[in-house]
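Listed below, chain by chain, are the residues.
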Amino acid sequence: MTVPTVDTKKRLLSGMKPTGNQGRLHLGNLEGALRPWVKLQDQYRMFCFIADWHALTTVTGVPESIAEASRNVALDYLSAGLDPERCAIFRQSDVPQHAELYLLLGMITPVSWLERVPTYKEHRDAMADYEGGGASGPSYGLLGYPVLQAADILMYRAHAVPVGKDQAAHLELSREIARRFNHLFEAEVFPVPDALISEDTGVLPGLDVDADNKLRKMSKSYNNAIFLSDTPDEVATKLKTAFTSPNKLRKTDPGEPEGCAVCQLRRIYDPDGFQAQWDECRSGARGCVQSKRETTDILNAMLDPFRERRARYASAPAELDRILARGAEEARAFADDTLRLVRETMRLV
Ligand code: ATP
Ligand code: MG
């Protein structure tokens, strides 16, 4: 048996699903995931994947091109500053080894663990109302989603996974599966991965509000997002219709920056200057039109370097192919080592 790769650095696994809006990632994804990842890529040996199989867990018909969406995710990874020289960037489906580990881990995962996962319950309940897919209920793949996620993580015997607060439950299951495997087969095959919850990222609000006029998180699913790949004009148009203070109809009316999408983005992207804008918004010295224009400029200046990097990779599709191929090759080599170890531990060989 080949000795598993010896690393001096601890390993980290991160990834995102290529779903919604052709897989294009937004400012929430940037602040909650991509920026923290970029900071971690030196400290850890990083495997950074595009979870294209996961995009199929809730499919109810012919999906948009997942391949196209995956390329967009890759472009967003690169535009955010993930460096293919320092981390392996690859598509899950290019490393079919994940499917074998998924199957094997499925053998030791109690169904009761999976049925308790909140996102499964939510999807199941939502699908009960869905006329097309509802009749037969959620798929086996949806129930098994956390096992596939565990396989993604444990494949690289990852020591850590950067997660948003909303994803802690999924990682908990991966940790349980790692512990259970090690315990059942009396071998320390999988490190129990730690959740790396970045301290400085809260939830970034989107451009709209819920039924109670409260800001809600920026999300691909809510159509309230600014995408990393938006053009300056698209950003301007989105800001023009963004939610502000409902009672501030004229410039002189007092605004409420706490509940205003534009003021919140200003606070995040202009930490030194936002206070003056907030004060003048409250006092009626400044109107929403001006605030929106200024915030548009701030966002566009922030996004410019991302756009430049994205354009560079987008205009060189063969280069992107090479990056993904190289990433997958590195991932497959590591995955083969892990699978050899797992097969041996499970007495398959
Ligand atoms: P979906 O609507 O399909 O759930 P999403 O927009 O919520 O998509 P995810 O794919 O669920 O995005 O999340 C990818 C990563 O981005 C996760 O690490 C998640 O914690 C982070 N993230 C998503 N939205 C935000 C947000 N508004 N603020 C901070 N982090 C976010
Ligand atoms: Mg989400």
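These numbers were taken from a predicted model, which means no experiment stands behind them. (Residues numbered from 1 in each chain as written. Chains lettered and ligands numbered in written order. Predicted model: local features only at pLDDT ≥ 70, side-chain atom pairs only at ≥ 80, totals over all residues. Heavy atoms only, no water.)

## Topic: the site of ligand 1
Link 1 in the chain: Around ligand 1, a shell composed of 17 residues is seen, among which His26, Leu204, Ser219, Lys220 and Ser221 lie nearest.
Link 2 in the chain: A distance of 3.1 Å separates a nitrogen atom of ligand 1 from a polar atom in the backbone of Gly28.
Link 3 in the chain: Contact with the protein chains covers 84% of the free accessible surface of ligand 1, which is 600 Å².
Link 4 in the chain: The biggest single contributor to the shell around ligand 1 is helix α1 (residues 27-40), with four residues.
Link 5 in the chain: Class assignment for the residues of the shell around ligand 1 results in five nonpolar, nine polar and three charged. (Near = heavy atom within 4 Å. Polar contact = N/O pair within 3.5 Å; in protein donor to acceptor, adjacent residues only side chain to side chain. Areas by Shrake-Rupley, 256 points an atom, 1.4 Å probe, with all protein chains shown as cover. Helix = DSSP H or I, 4+ residues; strand = E, 2+ residues; numbered from the N terminus. Nonpolar A, V, L, I, M, F, W, Y, C, P; charged D, E, K, R; others polar.)

## Digging into the environment of Ile66
Link 1 in the chain: Along the chain, Ile66 turns up in helix α2 (residues 66-80).
Link 2 in the chain: In the structure, Ile66 is positioned 29 residues away from Val95 in sequence and 16 Å away in space, judged by C-alpha atoms.
Link 3 in the chain: Residues within four places of Ile66 in sequence aside, it is in contact with Pro18, Asp52, Ala55 and Leu56. (Contact = heavy atoms within 4.5 Å.)

## Quick notes on helix α7 (residues 140-154)
Link 1 in the chain: Over its 15 residues, α7 extends 21 Å from the first C-alpha to the last, a length consistent with the 21 Å expected when each residue adds 1.5 Å.
Link 2 in the chain: Along its length, α7 reaches its greatest deviation from straightness, about 45°, at Pro146.
Link 3 in the chain: Across the 15 residues that make up α7, a large majority, 12, are buried.
Link 4 in the chain: Restricting attention to buried positions, one finds in α7 the residues Leu142, Leu143, Gly144, Tyr145, Pro146, Val147, Leu148, Ala150, Ala151, Asp152, Ile153 and Leu154. (Expected span 1.5 Å × (residues − 1). Bend = angle between axes of the 7 residues up to and from the residue. Buried < 20%, exposed > 50% of the residue type's maximum accessible area, 1.4 Å probe, protein only.)

## Some thoughts on the domain arrangement of the protein chain
Link 1 in the chain: For the protein chain, the assigned domains read domain 1 (11-198 + 316-345) and domain 2 (205-309).
Link 2 in the chain: Spacing between the C-alpha centres of domain 1 and domain 2 amounts to 32 Å.
Link 3 in the chain: At the interface, 20 residues of domain 1 touch 17 residues of domain 2.
Link 4 in the chain: Summed over both partners, the interface of domain 1 with domain 2 comes to about 1500 Å²; 58% of that surface belongs to carbon and sulfur atoms.
Link 5 in the chain: Applying the counting criterion to the domain 1 and domain 2 interface returns one salt bridge.
Link 6 in the chain: Arg24 is the partner of Asp230 in a salt bridge, and the nearest nitrogen-oxygen pair spans 3.7 Å.
Link 7 in the chain: Counting across the interface, domain 1 meets domain 2 through seven residue pairs in polar contact (both at pLDDT 80 or more).
Link 8 in the chain: Listing elements by their share of the side of domain 1 that touches domain 2, those giving two or more residues are α1 and α2.
Link 9 in the chain: A total of seven residues in the side of domain 1 that touches domain 2 trace back to one element, the largest contributor, which is α1.
Link 10 in the chain: Looking at the side of domain 1 that touches domain 2, its residues break down into six nonpolar, eight polar and six charged. (Domains from an automatic or database assignment. Buried area = accessible area lost by both parts, 1.4 Å probe. Salt bridge = Lys/Arg side-chain N within 4 Å of Asp/Glu carboxyl O.)

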